Amino acid sequence: MAVSAASATETVEAVFRIESARIIAGVTRIVRDVGIAEELAQDALVAALEQWPESGVPDKPGAWLMATAKHRAIDLVRRKETYARKLADVGRALEDVAPPPEPPGPDDIDDDLLRLIFTACHPVLSTDARIALTLKLLGGLTTEEIARAFLASEPAVAQRIVRAKRSLARAGVPFEVPYGSDRAERLGSVLEVIYLVFNEGYSATAGDDLLRPALCEDALRLARVLQGLMPKEPEVHGLAALLEFQASRIPTRTGPAGEPVLLADQNRSRWNRLLIRRGVEALHRAGRGPYALQAAIAACHTQAVTYEDTDWTTIATLYGQLAALMPSPVVELNRAVAVSMAEGPEAGLELVEALADEPALKDYHLLPSVRGDLLERVGRTEEARAEFERAASLTRNARERELLLERASRSVSGP
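Please read these numbers as outputs of a predicted model, since none were measured by experiment.

Enquirer: I would appreciate a short explanation of the overall build of the protein chain in the present structure.
Expert: Each helix and strand in the protein chain was counted, giving 19 helices and 2 strands. Oriented by its inertia axes, the alpha-carbon framework of the protein chain measures out at about 75 × 50 × 40 Å. Once local pairs closer than 6 in sequence are excluded, the contacts in the protein chain between residues at least 24 apart make up 66%. Of the roughly 20,000 Å² of accessible surface on the protein chain, a fraction of 51% belongs to carbon and sulfur atoms.

Enquirer: Would you mind going over the environment of lysine 232 with me for this structure?
Expert: Here lysine 232 is to be found in the loop between α10 (213–229) and α11 (234–248). By relative accessible area, lysine 232 is classed as exposed at 80%. Residues lysine 232 and glycine 180 lie 52 residues apart in sequence; the distance between their C-alpha atoms is 14 Å.

Enquirer: I tried to follow the packing of helix α9 (residues 180–202) against α10 on my own but got confused; where do I start?
Expert: Each packed pair of helices is defined by two parameters, the angle between the axes and the distance between the axes. For the pair α9 and α10, the least separation of the axes is 6 Å and the interaxial angle reads 155°. As the angle between them shows, α9 and α10 are arranged roughly antiparallel. In the crossing of α9 with α10, the sense of the turn from one axis to the other is left-handed. Here Leu187, Val190, Leu191, Ile194, Val197, Phe198, Glu200, Gly201 and Tyr202 of α9 lie close against α10, whose contacting residues are Pro213, Leu215, Cys216, Ala219, Leu222, Ala223 and Leu226. In terms of residue class, the contact of α9 with α10 is made up of 14 nonpolar, 1 polar and 1 charged.

Enquirer: In this structure, what is going on with the state of the cysteines? I would like to understand it.
Expert: Disulfides are covalent bonds that connect the sulfur atoms of two cysteines. The final tally for this structure, using the stated rule, is 0 disulfides. Left unpaired, cysteine 216 is separated from the closest cysteine sulfur, that of cysteine 121, by 17 Å.

Enquirer: Sorry if this is basic, but what is going on with helix α5 (residues 111–120) here?
Expert: At 3.6 residues per turn, the α-helix brings residues three or four places apart onto the same side. Here α5 lies mainly inside the structure; 8 of its 10 residues are buried. Within α5, the full set of buried residues consists of Asp112, Leu113, Leu114, Leu116, Ile117, Phe118, Thr119 and Ala120.

Enquirer: Help me understand helix α2 (residues 34–55) in this model?
Expert: Given a rise of 1.5 Å per residue, 22 residues ought to cover 32 Å, and the 30 Å separating the end C-alpha atoms of α2 matches this to within 8%. Along α2, the helix axis deviates most sharply at leucine 49, where the bend reaches about 30°; the proline proline 53 sits within four residues downstream. By the burial criterion, the buried members of α2 are Val34, Gly35, Ala37, Glu38, Leu40, Ala41, Ala44, Leu45, Ala47, Ala48, Trp52 and Pro53. Taking the backbone nitrogen of glycine 35 as reference, a side-chain oxygen 2.8 Å away marks aspartate 33 as the first, capping residue of α2. Directly after α2, the chain includes glycine 56, whose backbone phi takes a positive value near 95°.

Enquirer: Would you mind going over the pattern of salt bridges with me for this structure?
Expert: Any two side chains of opposite charge can pair, on the condition that their charged atoms come close. Applying the stated criterion to the full structure yields 22 salt bridges. Glutamate 383 is the partner of arginine 380 in a salt bridge, and the nearest nitrogen-oxygen pair spans 2.8 Å. Under the relative-accessibility criterion, glutamate 383 is labelled partly exposed at 35%. Notably, a salt bridge pairs arginine 399 with glutamate 402, separated by 3.7 Å at the nearest N-O pair. With arginine 399 and glutamate 402 both in helix α19 (residues 398–413) and 3 residues apart, the pair spans about one turn of that helix. Put simply, Asp373, Glu376, Arg377 and Arg407 are held in one network by salt bridges that share partners.

Enquirer: Where do I start with the nonpolar core in this structure?
Expert: Counting 88 residues, the largest nonpolar core has Val31, Leu116, Ile194, Leu226 and Leu243 as the members making the most contacts within it. If you tally residues by element for this core, the top one is helix α1 (residues 5–31), at 11 residues. Apart from residues lying up to four places away in sequence, leucine 116 is in contact with Ala21, Ile24, Ala25, Thr28, Val34, Leu137, Leu138 and Phe175. Residues Leu349, Leu361, Leu374 and Phe388 belong to the second largest nonpolar core, which totals 16 residues.

Enquirer: Whenever I open this one, the packing of aromatic side chains confuses me. Can you help?
Expert: The description of an aromatic ring pair uses the distance of the two centres, along with the angle that the planes make with each other. One pass over the full model with this rule turns up 4 aromatic pairs. Aromatic side chains tryptophan 52 and tryptophan 64 sit 5.3 Å apart centroid to centroid with 70° between the ring planes, which places their arrangement in the edge-to-face category. Note that tryptophan 52 is positioned in helix α2 and tryptophan 64 in helix α3 (residues 61–79), a separation of 12 residues in sequence. Relative to tryptophan 312, the ring of tyrosine 307 lies with its centre 5.9 Å away and its plane at 70°, an arrangement referred to as edge-to-face. In this structure, arginine 249 is placed above the aromatic ring of tryptophan 271, and the distance from its NZ or CZ to the ring centre is 5.6 Å.

Enquirer: Sorry if this is basic, but what is going on with the side chain of aspartate 218 here?
Expert: With respect to the helices, strands and loops of the structure, aspartate 218 is situated in helix α10. For aspartate 218, a relative accessible area of 11% corresponds to the buried category. If we ignore the near neighbours within four places in the chain, the residues touching aspartate 218 are Gly139 and Leu141.

Enquirer: What is the right way to look at the environment of asparagine 272 in this model?
Expert: Structurally, asparagine 272 can be placed in the loop between α11 and α12 (273–284). For asparagine 272, a relative accessible area of 32% puts it in the partly exposed group. Sequence separation between asparagine 272 and alanine 247 is 25 residues, and the spatial gap between their C-alpha atoms is 8.0 Å. From its side chain, asparagine 272 meets the backbone nitrogen of leucine 275 in a polar contact 3.0 Å long.

Enquirer: Is there a simple way to think about the packing of α9 against α11 in this case?
Expert: Their axes nearest at 11 Å, the elements α9 and α11 cross at an angle of 5°. Considering the angle they form, α9 stands roughly parallel to α11. Contacts from Leu187, Leu191, Ile194, Tyr195, Phe198 and Tyr202 in α9 reach Glu235, Val236, Leu239, Leu242, Leu243, Gln246 and Ala247 in α11. When the residues that make up the contact of α9 with α11 are grouped by side-chain class, the tally is 11 nonpolar, 1 polar and 1 charged.

Enquirer: Even after reading the chapter, I still don't get unusual backbone geometry, so can you show me in this structure?
Expert: One can expect most non-glycine residues to show negative phi and most peptide bonds to be in trans. One non-glycine residue, arginine 32, lies in positive phi territory at about 60°. Here arginine 32 lies in the loop between α1 and α2. For arginine 32, a relative accessible area of 45% translates into the label partly exposed.

How each quantity is defined
- Residues numbered from 1 in each chain as written.
- Predicted model: local features only at pLDDT ≥ 70, side-chain atom pairs only at ≥ 80, totals over all residues.
- Heavy atoms only, no water.
- Helix = DSSP H or I, 4+ residues; strand = E, 2+ residues; numbered from the N terminus.
- Contact = heavy atoms within 4.5 Å.
- Areas by Shrake-Rupley, 256 points an atom, 1.4 Å probe, with all protein chains shown as cover.
- Buried < 20%, exposed > 50% of the residue type's maximum accessible area, 1.4 Å probe, protein only.
- Axes fitted to C-alpha atoms, helices over the stretch in contact; angles between N-to-C directions.
- Parallel < 35°, antiparallel > 145°, perpendicular 65-115°, else oblique.
- Left-handed = near helix turned anticlockwise from the far one by under 90°.
- Nonpolar A, V, L, I, M, F, W, Y, C, P; charged D, E, K, R; others polar.
- Disulfide = S-S within 2.5 Å.
- Expected span 1.5 Å × (residues − 1).
- Bend = angle between axes of the 7 residues up to and from the residue.
- Polar contact = N/O pair within 3.5 Å; in protein donor to acceptor, adjacent residues only side chain to side chain.
- Salt bridge = Lys/Arg side-chain N within 4 Å of Asp/Glu carboxyl O.
- Core = buried A, V, L, I, M, F, W, Y, C linked by side-chain atoms within 4.5 Å.
- Phe/Tyr/Trp six-rings, centres within 6.5 Å; stacked < 30°, edge-to-face > 60°.
- Lys NZ or Arg CZ within 6 Å of the ring centre and 35° of its normal.

Okay, here's the thing in structure tokens:
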């Protein structure tokens with residue numbers, strides 16, 4: 001039955017948003033080029049927009065889009081003489097195979113999607129390129145949405161994505177899941193991209209908003225997809241656990257006007273208990289890698305009924321284990337905060353002072369922010385004010401800047 005153009009467009013866009021990654025992955029297996037695969041998926045989208053208003057929405061719209069894109073891929077392979085051998089070996093066989101049924105649910109994911117994840121996150125690309133390409137191909141975000149999320153211009157992001165696809169083609173990156181040591185190396189890249197996407201949503205580097213929840217949702221969805229695809233990889237569950245725990249606190253991280261709410265002041269009754277349960281389940285399947293250790297730290301916070309109940313001694317110990325496994329000045333700074341809560345501000349301040357000359361923290365606003373907090377707690381209010389003001393000058397996030405300047409004012413005038 002025919003439907004209105006507006007209704008058909010709405011349906012097509014909704015289905016494509018859900019199924020685009022799966023369609024691109026399926027087509028990439030045929031053409032072996034993610035850029036061409038994305039174009040063919042878009043062609044299928046245009047075909048649906050043209051045909052569905054007259055023919056009606058198919059019973060299985062996802063399968064229709066997949067079949068259309070794959071048929072166009074096979075036609076493309078047939079037209080290119082350089083693909084003659086591939087056509088003989090692959091094209092005819094695929095043509096004779098019925099289109100795959102529409103997946104019954106989000107957990108029924110084939111290996112092509114896993115191959116696409118590893119391709120989009122290939123180390124041959126820069127970190128920024130991996131993030132942009134992953135959000136485009138797997139997150140289903142438009143170029144405009146990616147640009148808005150990372151406060152970049154749309155043409156710059158578009159060029160980044162185009163260059164990323166060209167780099168993959170030029171390097172001849174195979175559409176496959178690596179094995180052995182290559183898998184461990186590449187999996188680290190995949191996990192890093194998902195982690196960075198979530199962090200940018202959880203605490204925006206710049207702009208007027210502290211949070212970008214949509215990015216957190218995209219990263220969490222990708223982590224869950226990866227869990228389903230790689231259930232025997234402990235660090236995949238470690239990352240998923242970490243993101244579940246962190247996401248559970250998102251509703252309480254800002255106030256009514258978007259202002260930051262510190263952990264000590266958050267209403268813990270509003271933390272999402274379902275996400276916390278999912279985090280606990282994932283943590284039970286994780287090992288003792290970096291993401292699993294960070295998840296264990298986050299679990300300590302979610303288990304504390306009140307801020308005062310937080311087991312800071314365990315958190316400090318976990319940060320010590322994390323620092324031994326993955327040495328980092330930022331990890332040491334976080335450990336200093338935990339030590340200050342477990343043993344007193346003087347102990348934490350001593351650790352922070354040792355980080356003062358770290359080149360990696362030279363322009364990191366949280367170093368003077370933490371130092372200001374510790375100085376305030378030991379009564380050195382004038383020094384604390386100067387540190388909060390320095391931190392405010394370094395951050396590019398307007399909400400954080402407001403909070404730091406407010407703390408600078410309070411540190412001298414008192415509460």
